[in-house]
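# Descriptive structure summary
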Amino acid sequence: MKLHNRTVRQDVRELGALLGDVLEAQTSTESFETVEELRTAAIGYREGSLPSREPLHDVLGRLSPESESVVARAFTSYFELINLAEERERVRAVRQGSQEGTLGDSLKETVAYLSESGADADAVQRVLDDVLIEPTFTAHPTEARRKTVKAKLRSIAEHLETLDERRLTDQEQEQEWNRVDAEVTSLWQTAQVRNRRPEPQDEARNVQWYLENTLFDVVGEVYSEVEELVSAEYDDVTVPKLFEFRSWAGSDRDGNPYVTPEVTEDTLERQRSVVLAKYRTALKRFSGLLSQDGNRIETGEAFDERLEADRERLPGVAAEAEERYPDEPYRQKLKLMRERLRRVEDVRPNGYADEGELKEDLESIAESLRRNGAENVVDAYLDPLIRQVDTFGFCLASLDLRDHRKNHTEAVAEALANEGVDYRGLDEDERMELLTEAVLQDEPVIDLEEPGDVSDTSERVLTLFSKLGDWQREYGVGAIDTYCISMTEEPSHAMEVLFLADQAGVVSLPDHCGIDVVPLLETESALNGARRIMGTLFENEAYGRALAARRNVQEIMLGYSDSNKENGFLAANWDLYKNQRRLAEITEEFDVTMRLFHGRGGSISRGGGPMNEALLALPNETVTGQVKFTEQGEAIAEKYANPRIAERNLEQMLDAQIRARHRALRQPEEEVPDAWVDAMDTMAAAAREEYRDLLETEGFVAYFEQVTPITVIENLNLGSRPASRSGERTVEDLRAIPWVFSWTQARCILPGWYSLATGMRAYLDGGGDEETLREMYEEWPFFRTTLDNAALSLSRTEMEIAAEYAQLADSELRERFFPRIDEEYREAVDLVLDVSDRKRLLKRDWLSESLRRRNPYVDPLNFLQTHLLAQTHRTKAEEQTLRLTVKGIAAGMKNTG
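Just so it is clear, the structure is predicted and the values come from calculations on it, not from any experiment. (Residues numbered from 1 in each chain as written. Predicted model: local features only at pLDDT ≥ 70, side-chain atom pairs only at ≥ 80, totals over all residues. Heavy atoms only, no water.)

## Points about the overall build of the chain
Helix and strand content of the chain: 38 helices and 10 strands. Relative to the 2.2 N^0.38 estimate, which gives 29 Å for 897 residues, the radius of gyration of the chain is 29 Å and therefore close to what a compact globule would have. In terms of principal-axis extent, the alpha carbons of the chain reach across some 85 × 80 × 60 Å. Residues counted as buried form 60% of the 897 residues belonging to the chain. When contacts within the chain are restricted to residue pairs at least 6 apart in sequence, those whose partners lie at least 24 apart make up 82%. Split by element, the accessible area of the chain, about 35200 Å² in all, is 43% carbon and sulfur. Looking at charge distribution, the chain has the averaged site of its 110 positive side-chain charges lying 5 Å from that of its 174 negative ones. (Helix = DSSP H or I, 4+ residues; strand = E, 2+ residues; numbered from the N terminus. Rg over C-alpha atoms; globule rule 2.2 N^0.38 Å. Buried < 20%, exposed > 50% of the residue type's maximum accessible area, 1.4 Å probe, protein only. Contact = heavy atoms within 4.5 Å. Areas by Shrake-Rupley, 256 points an atom, 1.4 Å probe, with all protein chains shown as cover. Lys, Arg positive; Asp, Glu negative; His and termini not counted. Charge placed at Lys NZ, Arg CZ, Asp CG, Glu CD.)

In structure tokens form, the structure reads like this:
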């Protein structure tokens, strides 16, 4: 069966040709020929027909500022379109694999794995009951594209889908391609770079788009497939809630003064409106479907009671429904349900109190339909909506609050100072004692609304907690019930948040605790002190009661980004692995269920990489079934913009988590040979020392500034949050995202591999052997995933291009740093290939093909960028072109940070 009409090569070729036509029509034949000259020169060098890149430099050297802008725009637009072609190819692969039954990591394979491993119905039910996957969308500034540009690209993608999947006449094909032509022309004429920094509301609406337009519908389809496959193999197993979506957009205050309580409230209100409208639309659609004649069916007592209850609640609406739908009980009920949904947001009474009431109504209709032999209607329509209500509730996505621990400490200290308490003068034990007593007593200690004379920062913190209780009463506790504390270093940093929540009335022990207090452990000292921090909290009377009120589930967030920036790729990964196991030990000791929250970025150096492989590589002890992880920047668009790819991602996550939980139940403790642990300890210690020595060598920060476009990135309007925590130029103060983004632009993805070779060489020179490393790679998921991820970063690094950026540095700095970085890169490539026993870095053919296709087109943008960076004085037009090269390279690399 032929599923598709096109191929990726056809898409790339025809989109590229179309862009060339638009370029020539919109600019000039001379501009078109200039772009072609650059393209052929870049390809010629890559393919070996040209001995050097001098022709590329020659062309760029004679360009006028106007021509530079056209070149940057042309290659940037090319990547925007080629990314769509590759997305379409991913969809083809998923559909073809599904049709042929060859799709790996599929739910069909999941159920087959459980069956073949001998899992009975009880074991499968236990696994499913334990699993809860919580993708958490963040507002981190890593999306370089404007919303307007993204909308145009999505339109082009939809036309490509029509051409690829539908049977069209020649005339229809021509009409569809004309629409693509029109969109590409409009894309060319649209400003590519933002002229203003996005506001937090923009970021929240961006996240909302994926939830509303893709995931809302996809979730029901995933559940339907799971239920069908599980029921075919296990009769008595029921599928519980498996997914929950969360967001930081509009609620993450860490380093972002623009996320005010008003922004958070606006986000809560808008998300509720969106999801209620989705439910009303679904019920309206059902009204056309459920037109059964009440004289010919028995609706059942449960349904009748709920219908009568609604008639009593809303007599006017009920009369209208009976007049409009006489003898059609389901339609009457649906109209009453739509009215109750409408009243959730206004002052009129008798709206739904929460999503639970809506779910009960839907279940009563489903049960009634089943009584009347309409199981197929329930399966196709009612059950997916019930799953959507279960997943998205009345909030679409629950919001997590987050702020830096120093802000909480300062707010508590200032508020208590006004009450005569010297909080700053207390040591850690004294602070814990004071906070504990305050939480346990009934009377408040401070007035959040009128705290006295406090700083602006403290006032913002106290106002936030004062508002939190109002938000939970208005939108439901589940709409905003998690508080994450950045840079947690001491137990008191968690207790301060519990104290402030208690003062706000969000906590009332022992019966109620309205928030999960989530320490974010991201520095070496915090990770290594995890036992002390968490043990002290678990032993604390007030914290223990709060935990009990939250079903004894402790969420702990691990920071991949700052850990990597502080320690380097290998040492950070090893620290995270070891400390996850330590956290598992202590939560087990205190009989607490741990939910790890993995603060992963899009890039390898920030914890990125294939999600299913990452889940399967977690230590068995840490796999409790509940898992949470961040989804950031352009990775959100890559995973969730297309419904079929979104569905595939959810399936892969679920497959990995079910397998991992089943494995953990059968083998609760991962058996790692001492020799492997010793090898990693040796490698990580040497790697950390080398990485820190590089960063601390005099002149390194100046070198970084000179050989990357960091100053351009800081002014690129990527996100609402500042790129630096304090505005100072130090690696420590710089946020992880611009740190990674800058190196990626320069094609030297140092954060994803630097010091790996030093670590491995230290082990080998100290008496270790490559055979042990090969054994670790073959048999240890953690080590294999770590090396494979490093291989991804190494494969995307181009040291010849990086050498061009190095020419921008002062000669003394260049000679001090570039050879050192280059040598580390080359040795890392050799060692990774030796240990993995591969001839090339990449395992995946499609990724090798993608890089081969992209690299010649990224090169002109890189050389244009270095040409512009080398200029001491740039015009406004040249600054705009430089910013566009950053965007184009990001599109070509498919990664910012």
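So that's the structure; there's more coming.
## What about the sheet that holds strand 4 (residues 480–486)?
With parallel pairing, the 8 strands of this closed barrel are ordered in space as 1-2-3-4-7-8-9-10. Pairing of strand 9 (residues 593–599) with strand 10 (residues 626–631) involves 3 bridges; the strand directions are parallel. Across the sheet, His598 pairs through a bridge with Phe629, a residue of strand 10. Helix 16 (residues 405–417) contacts strand 3 (398–404) and strand 4 of the sheet and is inclined by roughly 75 degrees relative to strand 3. (Pairing = 2+ DSSP bridges. Axes fitted to C-alpha atoms, helices over the stretch in contact; angles between N-to-C directions.)

## A closer look at the packing of helix 37 (residues 845–869) against helix 38 (residues 876–893)
Close contact between helix 37 and helix 38 brings their axes to 9 Å; oriented N to C, the two are set at 150 degrees. Here helix 38 runs roughly antiparallel to helix 37, going by the angle between their axes. Along this stretch, helix 37 crosses helix 38, giving a crossing that reads as left-handed. From helix 37, Arg854, Val858, Leu861, Asn862, Leu864, Gln865, Leu868 and Leu869 reach across to helix 38, where they touch Glu878, Thr881, Leu882, Thr885, Val886, Gly888, Ile889, Ala891 and Gly892. Partitioned by chemical class, the residues of the contact of helix 37 with helix 38 number 9 nonpolar, 6 polar and 2 charged. (Parallel < 35°, antiparallel > 145°, perpendicular 65-115°, else oblique. Left-handed = near helix turned anticlockwise from the far one by under 90°. Nonpolar A, V, L, I, M, F, W, Y, C, P; charged D, E, K, R; others polar.)

## Some remarks on the pairing of strand 7 (residues 516–521)
Here strand 7 lies mainly inside the structure; 6 of its 6 residues are buried. Of the two faces of strand 7, both are covered, the one formed by Asp516, Val518 and Leu520 as well as the one formed by Val517, Pro519 and Leu521. As paired strands, strand 4 and strand 7 are joined by 4 bridges and run parallel to one another. Opposite Ile485, over in strand 7, you have Pro519 as the bridge partner.

## Digging into a negative patch on the surface
Taken together, the side chains of Asp769, Glu775, Glu778, Glu779, Asp830, Asp834 and Asp837 present a region of like negative charge at the surface. For the negative patch, the secondary-structure elements that each account for two or more residues are helix 33 (770–779) and helix 36 (811–836). Among the elements that make up the negative patch, the one with the highest residue count is helix 33 (3 residues). One can find Glu778 in helix 33. (Patch = residues over 30% accessible without salt bridge, like charges linked within 9 Å, V, L, I, M, F, W, Y side chains within 5 Å. Salt bridge = Lys/Arg side-chain N within 4 Å of Asp/Glu carboxyl O.)

## Brief notes about the environment of Glu443
Of note, Glu443 is situated in the loop between helix 17 (428–440) and helix 18 (456–475). On the basis of relative accessibility, which here comes to 57%, the residue Glu443 falls in the exposed class. Between the C-alpha atom of Glu443 and that of Gln503, which follows or precedes it by 60 residues, the distance is 8.7 Å.

## Observations regarding helix 15 (residues 375–392)
Turn by turn, an α-helix covers 3.6 residues, leaving residues three or four places apart pointing in a common direction. With 18 residues, helix 15 extends 24 Å from end C-alpha to end C-alpha; this agrees with the ideal 26 Å at 1.5 Å per step. Residues Val377, Val378, Leu382, Asp383, Pro384, Leu385, Ile386, Arg387, Gln388, Val389, Thr391 and Phe392 constitute the buried set of helix 15. Where helix 15 is buried, its residues touch helix 9 (200–233), helix 10 (261–289) and helix 14 (355–371). Downstream of helix 15 by one or two residues, Gly393 has phi in the positive range, about 55 degrees. (Expected span 1.5 Å × (residues − 1).)

## Describing helix 26 (residues 633–640)
Of all the 8 residues making up helix 26, 7 are buried; the element is thus mostly covered by neighbouring parts of the structure. Those residues of helix 26 that are buried lie in contact with strand 1 (132–137), helix 9, helix 25 (611–616), strand 10 and helix 27 (643–666).

## Notes on the pattern of salt bridges
Applying the stated criterion across every chain, the model contains 85 salt bridges. Ionic pairing is found between Glu244 and Arg246, a salt bridge with its closest N-O pair at 2.9 Å. Given the relative accessible area of 15%, Glu244 is considered buried. In this structure, the salt-bridge partner of Arg595 is Asp516, at a minimum N-O distance of 3.1 Å. Of the two residues, Arg595 is situated in strand 9 and Asp516 in strand 7; the sequence distance between them amounts to 79 residues. A single burial state applies to Arg595 and to Asp516, both of which are buried.

## A look at the environment of Lys894
Secondary-structure assignment places Lys894 in the segment after helix 38. Between the C-alpha atoms of Lys894 and Arg774, which are 120 residues apart in sequence, the distance is 31 Å. Setting aside residues no more than four positions away along its own chain, Lys894 makes contact with Asn83, Glu86, Glu634, Glu638, Arg796 and Arg854.

## So, the nonpolar core
Met683, Tyr703, Trp780 and Phe783 are the most contacted members of the largest nonpolar core, which has 118 residues in total. In this structure Met683 touches Leu570, Gly759, Met760, Tyr763, Leu773, Met776 and Phe783, once residues within four positions along its chain are discounted. If you look at the next biggest cluster of nonpolar residues, it comprises 86 residues, including Val207, Leu242, Ala366 and Ala374. (Core = buried A, V, L, I, M, F, W, Y, C linked by side-chain atoms within 4.5 Å.)

## Topic: the packing of aromatic side chains
The tally for this structure, following the rule as stated, stands at 33 aromatic pairs. For the pair Trp574 and Phe782, a centre-to-centre distance of 5.6 Å together with 40 degrees between the ring planes defines the contact as tilted. Here the residue Trp574 occupies a position in helix 24 (residues 569–589), and Phe782 occupies one in helix 34 (residues 781–796), the gap between them amounting to 208 residues. Residue classification places Phe782 among the buried positions, given a relative accessible area of 6%. A network of ring pairs unites the aromatic residues Phe137, Phe216, Tyr223, Phe243, Phe245, Tyr279, Phe392, Phe394 and Tyr640 as a single cluster. (Phe/Tyr/Trp six-rings, centres within 6.5 Å; stacked < 30°, edge-to-face > 60°.)

## Some remarks on the side chain of Arg814
By the secondary structure assignment, Arg814 is in helix 36. Put simply, Arg814 is tucked away with no salt bridge, and the nearest opposite charge, on Glu815, sits 4.2 Å away. The residues contacting Arg814, other than those within four sequence positions of it, are Tyr703, Ala806, Gln807, Ala809 and Pro819.

## Some remarks on the packing of helix 14 against helix 15
Two elements in contact, helix 14 and helix 15, have axes whose closest approach is 10 Å; the angle formed by their N-to-C orientations is 170 degrees. In terms of orientation, helix 14 lies roughly antiparallel with respect to helix 15. Packed against helix 14, whose contacting residues are Glu355, Leu358, Lys359, Leu362, Glu363, Ile365, Ala366, Leu369 and Arg370, the element helix 15 presents Glu375, Val377, Val378, Leu382, Asp383, Leu385, Ile386, Val389 and Asp390 at the interface. Among the residues making up the contact of helix 14 with helix 15, the classes are represented as 11 nonpolar, no polar and 7 charged.

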